[in-house]
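Per-entry structural report
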Amino acid sequence: MTGHLLSIADLGRDGVAEILRLSESADLGRPLAGKGVALVFQKPSARTRNSMEMAVVQLGGHPVYIQGHEVGLGARETAEDVARTLACFHSVLAARVMDHGDLEKMAAVSPRPILNMLSDRDHPLQALADLLTVKQLLGRVEGARIAYVGDGDNNVARSLAEAASFAGAELVIASPEGYRLGQAPEGVRQVEDPVEAVEGADVVYTDVWVSMGQEAERGRRLADLARYRVDEGLMAAAPDAHFLHCLPAHRGEEVTDAVMESPRSAVWRQAENRMHTARGALAWLMGVRA
Ligand code: CP
Ligand code: NVA
């Protein structure tokens, strides 16, 4: 059966650990030599597109960037037919979609692995880079204390929660009611108070309050989440913590300039790690094991 990576849950504990090992490996060979990887984007991207294109090149393959409207997932033809078509030419089909259901439809029929490059539900490639960054900063992921502050019910929070749980990190998510995961994985705690979440944390993490596709809810979201801005006052409650953000950051909303620019911010290292973990994930989908 073809292995797909739609969410961190698809990987399990062993899969997460294996991809992190592969991501740290200096030489994974050229498992994509002479092969194509389709990169379909229904939403904008800076980090994901560039890290994926470079990871494909590093593994010997050829990335093909495809704007969502060109293939028209579910509009020009069905998501299933797009997957069957792209599988004629490519060894991995990666997609960033508005609706997670489209990835599931593609995975149901595709003879080639489907890789989620962000959906409304999950952002697994981000969570893998987040864990690698925590490992580099602290020397370990197991037992690391991560505080996530803000919209606790978005794609980044969900994938981070699943990844942290598999890796044995302690994750505390601070968010208001209505912005929490329906069911938190083992080892993940959800609280109301941002200060309670960050006390004793090794890492403080946040993401935007208005994710791509939620623009119509902007006014309500900014009002509901105003108390969850990561500023110098909140960081003072976590004196030993590094700061992470998946980016793009909306400075002045979920995070201040001062925190982004502070020496505690590791966001550029985190961004660079997107390429290393993209390489690890692609190699894993091609059957490479460390
Ligand atoms: N973090 C992330 O996925 O960034 P992009 O939206 O720029 O790809
Ligand atoms: N939650 C954000 C992540 C961007 C990388 C969004 O979906 O827009």
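As shown above, the structure is provided for reference.
Parameters at a glance
- Per chain, the residues get numbers from 1 upward, laid out in the order the sequence is written.
- Starting at A for chains and at 1 for ligands, labels are handed out in the order in which the entities are written.
- Selection of residues for local features in this predicted model requires a pLDDT of at least 70, selection of side-chain atom pairs for listing and counting requires 80 or more, and totals for whole chains, interfaces and linings are taken over all residues.
- For the side-chain quantities, the full set of heavy atoms in the structure was used; hydrogens and water were omitted.
- Throughout, the term near means that a residue has one or more heavy atoms lying within 4 Å of the molecule or strand in question.
- By the criterion applied in these results, polar contacts are pairs of N or O atoms within 3.5 Å in which, for protein atoms, one can donate a hydrogen and the other can accept it, and in which residues neighboring in sequence qualify only through two side-chain atoms.
- Here the accessible surface of atoms and residues is derived via Shrake-Rupley with a 1.4 Å probe, and residues count as covered only by protein chains that are part of the display.
- Polar here means any residue outside two lists: the nonpolar Ala, Val, Leu, Ile, Met, Phe, Trp, Tyr, Cys and Pro, and the charged Asp, Glu, Lys and Arg; Gly therefore counts as polar.
- Counting from the N terminus, the helices are the DSSP runs of H or I reaching at least four residues and the strands are the DSSP runs of E reaching at least two.
- Between buried and exposed lies partly exposed: a residue is buried under 20% and exposed over 50% of the maximum accessible area for its type, with that area taken using a 1.4 Å probe on protein chains only.
- Helix axes are fitted only over the stretch in contact, all axes being lines through C-alpha atoms; the angle between N-to-C directions runs from 0 to 180 degrees.
- For classification purposes, angles smaller than 35 degrees are called roughly parallel, those larger than 145 roughly antiparallel, those between 65 and 115 roughly perpendicular, and all remaining angles oblique.
- Crossing handedness is defined as follows: a turn of the near helix away from the far one that is anticlockwise and smaller than a right angle gives a left-handed crossing, while the clockwise case is right-handed.
- Contact definition: two residues touch when any of their heavy atoms are within 4.5 Å.
- When two rings of Phe, Tyr or Trp (its six-membered ring) have centres within 6.5 Å they constitute a pair, described as stacked for plane angles under 30 degrees, edge-to-face for angles over 60, and tilted for the intermediate range.
- Only lysine NZ and arginine CZ atoms are considered, and such an atom sits over a ring when it is within 6 Å of the ring centre and within 35 degrees of the ring normal.

A few words now on the site of ligand 1. Every residue close to ligand 1 is listed here: S45, A46, R47, T48, R96, H123, Q126, C246, L247 and R274. The backbone of A46 places a nitrogen or oxygen atom 2.6 Å from an oxygen atom of ligand 1. At 2.7 Å from an oxygen atom of ligand 1 is found a side-chain nitrogen or oxygen belonging to T48. Protein burial of ligand 1: of its 250 Å² of free accessible surface, 96% is covered by the chains. Across the shell around ligand 1, the residue classes break down as 3 nonpolar, 4 polar and 3 charged.

Bringing the environment of G15 into the picture now. For G15, the location among the structural elements is in helix α1 (residues 12-24). Judged by relative accessible area, G15 falls into the buried class, the value being 5%. C-alpha of G15 to C-alpha of R218: the two residues are 203 residues apart in sequence and 36 Å apart in space.

Neighbouring ligand 2 are L118, N154, N155, V156, D207, V208, S211, M212 and L247. Residue N155 places a side-chain N or O atom 2.8 Å away from an oxygen atom belonging to ligand 2. A distance of 2.8 Å separates an oxygen atom of ligand 2 from a polar backbone atom of M212. Protein contact buries 95% of the 270 Å² of open area that ligand 2 shows by itself. Partitioning the shell around ligand 2 into residue classes produces 5 nonpolar, 3 polar and 1 charged.

With an omega of 5°, the peptide bond running from L247 to P248 counts as cis. Relative to the helices and strands, P248 resides in the loop between β9 (242-245) and α11 (257-261). A positive phi angle, close to 120°, is found at L118, a residue other than glycine. Residue position: L118 is located in the loop between β4 (114-116) and α6 (124-138). Phi at L247 takes a positive value of approximately 70°, unusual for a residue other than glycine. Summarising the element assignment, L247 is placed in the loop between β9 and α11.

A separate point is the environment of P194. Position of P194 among the secondary structure elements: in helix α8 (residues 194-198). On the basis of relative accessibility, which here comes to 5%, the residue P194 falls in the buried class. Sequence-wise, P194 and A237 are 43 residues apart; in three dimensions their C-alpha atoms are separated by 9.6 Å.

With that settled, the discussion passes to the packing of helix α4 (residues 79-86) against helix α5 (residues 100-109). Geometry of a packed helix pair, given as the angle between the helix axes and the separation of the axes. Running from N to C, α4 and α5 cross one another at 50°; their axes reach a closest spacing of 8 Å. Between α4 and α5, the interaxial angle falls into the category oblique. In this structure, α4 meets α5 at a crossing whose hand is right-handed. On α5, the residues touching A79, E80, A83 and R84 of α4 are D102, K105, M106 and V109. Class assignment for the residues of the contact of α4 with α5 results in 4 nonpolar, no polar and 4 charged.

Looking now at the packing of aromatic side chains. As enumerated under the stated definition, the model contains 2 aromatic pairs in all. Each ring, one from F41 and one from Y65, has its centre 5.6 Å from the other, and the planes form 40°; the classification is tilted. On the criterion of sequence distance, the pair formed by F41 in strand β1 (residues 36-41) and Y65 in strand β2 (residues 62-67) is long-range, its members being 24 residues apart. Taken together, a centroid distance of 5.7 Å and an interplanar angle of 35° make the contact between Y148 and Y205 tilted. With Y148 in strand β5 (residues 145-149) and Y205 in strand β8 (residues 203-206), this residue pair connects regions lying 57 residues apart in the sequence. Each member of the pair, Y148 as well as Y205, carries the same accessibility label: buried. One cation-aromatic arrangement involves R49 over Y65; the distance from NZ or CZ to the ring centre is 3.6 Å.

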